[in-house]
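Each chain, letter by letter, is given below.
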Amino acid sequence: MTLKELYKIIEDRKKNMPEDSYVASLFRDGNDRILQKVGEEATEVVIAAKNEGKERIIAEVADLWFHTLVLLANYDINLSEIQKELSKRNKK
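Not measured: the values here are computed from a predicted model. (Residues numbered from 1 in each chain as written. Predicted model: local features only at pLDDT ≥ 70, side-chain atom pairs only at ≥ 80, totals over all residues. Heavy atoms only, no water.)

**Overview of the nonpolar core**
In terms of nonpolar packing, the biggest core is built from 17 residues, with Ile 10, Phe 27, Leu 69 and Val 70 touching the most fellow members. A total of seven residues in this core trace back to one element, the largest contributor, which is helix α4 (residues 54-74). Those residues in contact with Phe 27 that lie beyond four places of it in its chain are Ile 10, Lys 14, Met 17, Ile 34, Val 70, Ala 73 and Asn 74. (Core = buried A, V, L, I, M, F, W, Y, C linked by side-chain atoms within 4.5 Å. Buried < 20%, exposed > 50% of the residue type's maximum accessible area, 1.4 Å probe, protein only. Helix = DSSP H or I, 4+ residues; strand = E, 2+ residues; numbered from the N terminus. Contact = heavy atoms within 4.5 Å.)

Rendered as structure tokens:
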């Protein structure tokens, strides 16, 4: 699955808010909960990189990227906006 495909699923969950969706529950819980999850996952990436192997790092980065996409969707920030910012930085 690409990040773009995952982001579209997250946007759909935000729009339709299915009862049994973890993503929808994050949106229902609000911005503070989403920020908490991003912070937790970032910390877990650091711990995995310091103390654990490659597979654990991959799993934790996947969690971080997932929750970061939820954060972006919460603020209606599209992936293309992030790509545009990265492109600007590459030209400097």
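More follows now that the structure is in view.
**Here's the deal with the packing of helix α1 (residues 3-16) against helix α2 (residues 22-29)**
In contact at an axis separation of 9 Å, α1 and α2 are set at 55° when each is read in the N-to-C sense. On the basis of their axis angle, the class for α1 and α2 is oblique. Once α1 is placed against α2, the crossing between them reads as right-handed. Between α1 and α2, the contacting residues are Ile 10, Arg 13 and Lys 14 on the first element and Val 23, Ala 24 and Phe 27 on the second. Split by residue class, the contact of α1 with α2 holds four nonpolar, no polar and two charged. (Axes fitted to C-alpha atoms, helices over the stretch in contact; angles between N-to-C directions. Parallel < 35°, antiparallel > 145°, perpendicular 65-115°, else oblique. Left-handed = near helix turned anticlockwise from the far one by under 90°. Nonpolar A, V, L, I, M, F, W, Y, C, P; charged D, E, K, R; others polar.)

**Notes on the pattern of salt bridges**
Summed over all chains, the structure comprises eight salt bridges. The salt bridge partner of Glu 85 is Lys 88, with a shortest N-O separation of 3.2 Å. Linking Glu 85 with Lys 88, this pair stays in helix α5 (residues 79-90), spanning three residues, or about one helical turn. Under the relative-accessibility criterion, Glu 85 is labelled partly exposed at 29%. Take Lys 88: its relative accessible area is 46%, and that puts it in the partly exposed class. (Salt bridge = Lys/Arg side-chain N within 4 Å of Asp/Glu carboxyl O.)

**Things to note about the layout of surface pockets**
Of the volumes computed, that of the largest pocket is approximately 330 Å³. Those elements giving two or more residues to the lining of the largest pocket turn out to be α1, α4 and α5. Classifying every residue of the lining of the largest pocket gives eight nonpolar, four polar and three charged. (1 Å grid on protein atoms, 1.4 Å probe; cavity = no way out; pocket = protein on both sides within 12 Å on 5 of 7 lines; lining within 4 Å. Points joined across faces, edges and corners; volume = space filled by probe spheres on them.)

**Considering the side chain of His 67**
Within the secondary structure layout, His 67 lies in helix α4. Accessibility expressed as a relative area gives 5% for His 67, which makes it buried. Here His 67 is in contact with Tyr 22, Leu 26, Ile 34, Lys 37, Val 38 and Glu 41, once residues within four sequence places are set aside.

**Examining the environment of Gln 83**
Within the element layout of this structure, Gln 83 appears in helix α5. Gln 83 sits in the exposed class, given a relative accessible area of 53%. Each C-alpha atom of the pair Gln 83 and Ser 21 lies 28 Å from the other, and the pair is 62 residues apart in sequence.

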